[in-house]
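# Coordinate inspection notes
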Amino acid sequence: MYWNQQEECMPVELLRQRQLARLQKTVARVYERVPFYRQRMDAAGVKPADIRSLDDLRLLPFTTKNDMREGYPFGLFAVSLDEVVRIHSSSGTTGKPVVAGYTRADVVLWANVMARTFVCGEVTSRDILQVAYGYGLFTGGLGAHYGAELIGATVIPMSGGNNKRQIMLMQDFGTTALACTPSYALALAEEAAAMGVDTRQLKLRVGFFGAEPWPEDMRKAIEQRLNLKAIDIYGLTEIIGPGVGSECMEQNGLHLFEDHFFPEIINPDTGEVLPDGERGELVFTCLTKEAFPLLRFRTRDITRLIPGACPCGRTFRRMEKVSDRTDDMLIIRGVNVFPSQIETVLLAIEEAEPHFQIIVKREGPLDELEVLFEVDEQHFSDEVKRLQAIEQKVAREIETAIGLRATVRLVEPKTIERSMGKRKRVIDLRKEQKP
Ligand code: DLL
């Protein structure tokens, strides 16, 4: 099932031609309209006419989050505000937030790529889709909303929060598809259980989860607890919001909607472009956006492009699930650790619930790694000796995985904060502790 078979299954050669034509047009447009890009390209000694093939993309300089901050709020827009019909913004953990603008055509494009996303999960006009991503400046809620409406599905614009009501509407309205962050999906499953609702009695069939990393074991937990098929969807405010890529029913990599957003994988240290199959930092160039078309934007997300065709028939290249960002890497006592390594260990421990928190702090001269996790009520009522044995098992496996000893603490069920948006995997107290 496709939203637009001609576009999604286009022969690769034709797709490349189309991408090149769009790239040339966009580069010429931003060179003319955005002083930032003209200066950067002039400094690099490259003119729009130098882009003769898709490989010539690498002649262009990268754009970074920092450039975005310097241009705050509208400096990188390629149209006047007259033509901008919508603004979104991401919170930005440090400094100023990122501001994205959309023209009327951009909003239409966005609805289309989100319609593609939902059709990847076989949503039709007969579906009832509950949008539990936050509505507002965050792109999740409205992005999902317009895509689902375009298909003709019945949209329930719930936004995040009010968990009991979310479950009640699922029961009363017969929700068949759910869109929210994976952590919120788990919180909703927990709420259903607390309300005594058997999720097998609900009509949920498919869920569209993204906005944060969620490893395979978390997918299993969500699929089992909510009794649905969990599809990974990807996107970012700078590029358009959700709708940059999505898994299909094969659940084997996310198709990137590369007729609009051209992907590259680079070595994050050298900037060198890597061949398909190699892992590195994901970079996007917008090929069709009007208001805020970024060239070679460094996402900081780490992934690889999966070589080979997908049985679903879509010709868009797939990327592997994103599990980390370059700026997520922790250096603890000199050892490089990605949160996903600890997460993978915890999710594989049978007794552990998929709720945990990683805390890094400084004790005297040394970094201290602390891992909090929950077990379910049933295990928690076990005798102390059993609980200590579980803690020790977790500590051992973490040490094997990352080569560092962690203080592991099993905490009471439901004490780790639940999130209705993106969860905070790591609390790094060292920054505050620095003199
Ligand atoms: O999170 C857009 C979005 C909304 C995507 C709803 C999917 C669903 P930002 O707030 O700008 O935009 O955050 C973008 O979130 O660079 C990734 O690090 C992370 N991210 C997004 N989707 C995924 C995913 C939205 N499926 C940043 N897997 C990105 C892992 C993801 N990380």
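The structure contained in this document is the topic of the report that follows. (Residues numbered from 1 in each chain as written. Predicted model: local features only at pLDDT ≥ 70, side-chain atom pairs only at ≥ 80, totals over all residues. Heavy atoms only, no water.)

## Some remarks on the overall build of the chain
This is how it is decided: Put simply, DSSP marks the helices as runs of H or I at least four residues long and the strands as runs of E at least two long, and each gets a number from the N terminus on. Residue exposure (1.4 Å probe, protein chains only): buried if accessible area is under 20% of the type maximum, exposed if over 50%, otherwise partly exposed. Between two residues, a contact is recorded if the distance between any of their heavy atoms is within 4.5 Å. A 1.4 Å probe and the Shrake-Rupley method give the accessible areas. Residues count as covered only by the protein chains that appear here.
Within the chain, the secondary structure is distributed over 13 helices and 21 strands. Considering only C-alpha atoms, the chain reaches an extent of 70 × 55 × 40 Å along its principal axes. Per-residue burial over the chain gives 54% buried out of 435 residues. Across the chain, contacts joining residues at least 24 apart in sequence account for 65% of those joining residues at least 6 apart. For the chain, the accessible area works out to roughly 19,200 Å², and carbon and sulfur atoms hold 49% of it.

## Looking at the packing of helix α10 (residues 339–348) against helix α12 (residues 384–402)
Using the following cut-off: Interaxial angles span 0 to 180 degrees and are taken between N-to-C directions of axes, which are lines fitted to C-alpha atoms, for helices over the stretch in contact. When an angle is under 35 degrees it counts as roughly parallel; over 145 it counts as roughly antiparallel; between 65 and 115 it counts as roughly perpendicular; any other value is oblique. It is the rotation of the near helix from the far one that decides the hand of a crossing: anticlockwise by less than a right angle makes it left-handed, clockwise makes it right-handed. Residue polarity is assigned by list, with Asp, Glu, Lys and Arg as charged and Ala, Val, Leu, Ile, Met, Phe, Trp, Tyr, Cys and Pro as nonpolar; anything else, Gly included, falls into the polar class.
At their nearest, the axes of α10 and α12 sit 10 Å apart, and the two run at 140° to each other. Classified by the interaxial angle, the pair formed by α10 and α12 is oblique. Crossing hand, α10 versus α12: right-handed. Residues Q341, I342, V345 and L346 of α10 pack against V394, E397, I398, A401 and I402 of α12. Here the residues of the contact of α10 with α12 sort into 7 nonpolar, 1 polar and 1 charged.

## Thoughts on the packing of helix α7 (residues 163–173) against helix α8 (residues 182–194)
Direction vectors running N to C along α7 and α8 enclose 75°, while the axes themselves pass 9 Å from each other. Judged by the angle between their axes, α7 and α8 are roughly perpendicular. Counting all contacts with α7, which are made through N163, K164, Q166, I167 and M170, the residues of α8 involved are Y184, A187, L188, E191 and A192.

## Things to note about a nonpolar patch on the surface
Defined as follows: Like charges are joined within 9 Å and nonpolar side chains (Val, Leu, Ile, Met, Phe, Trp, Tyr) within 5 Å, but only among residues with over 30% relative accessible area and no salt bridge; these make up the patches. Salt bridge, as used here, is a side-chain nitrogen of Lys or Arg placed within 4 Å of a carboxyl oxygen of Asp or Glu.
Together, F74, L81, I87 and L137 line one region of the surface with nonpolar side chains, adding up to about 350 Å² of accessible area. Mapped onto the secondary structure, L137 falls in the loop between β3 (128–131) and α6 (139–151).

## Observations concerning the pattern of salt bridges
Here the structure, examined in full by the defined rule, presents 40 salt bridges. Put simply, R219 and E216 hold a salt bridge, and the shortest N to O gap is 2.9 Å. Of the two residues, R219 and E216 are both situated in helix α9 (residues 216–226); the distance of 3 residues between them amounts to about one turn of the helix. One connected set of salt bridges, linked through shared partners, spans E212, D324, D328, E343, R423 and R425.

## Looking at the environment of L387
Of note, L387 is situated in helix α12. Between the C-alpha atoms of L387 and E351, which are 36 residues apart in sequence, the distance is 9.7 Å. In contact with L387, other than residues within four places in its own chain, are H379, F380, D382 and L410.

## As for the environment of L202
Within the element layout of this structure, L202 appears in the loop between α8 and β6 (206–210). Distance from L202 to N227, taken between C-alpha atoms, is 8.4 Å for residues 25 residues apart in sequence.

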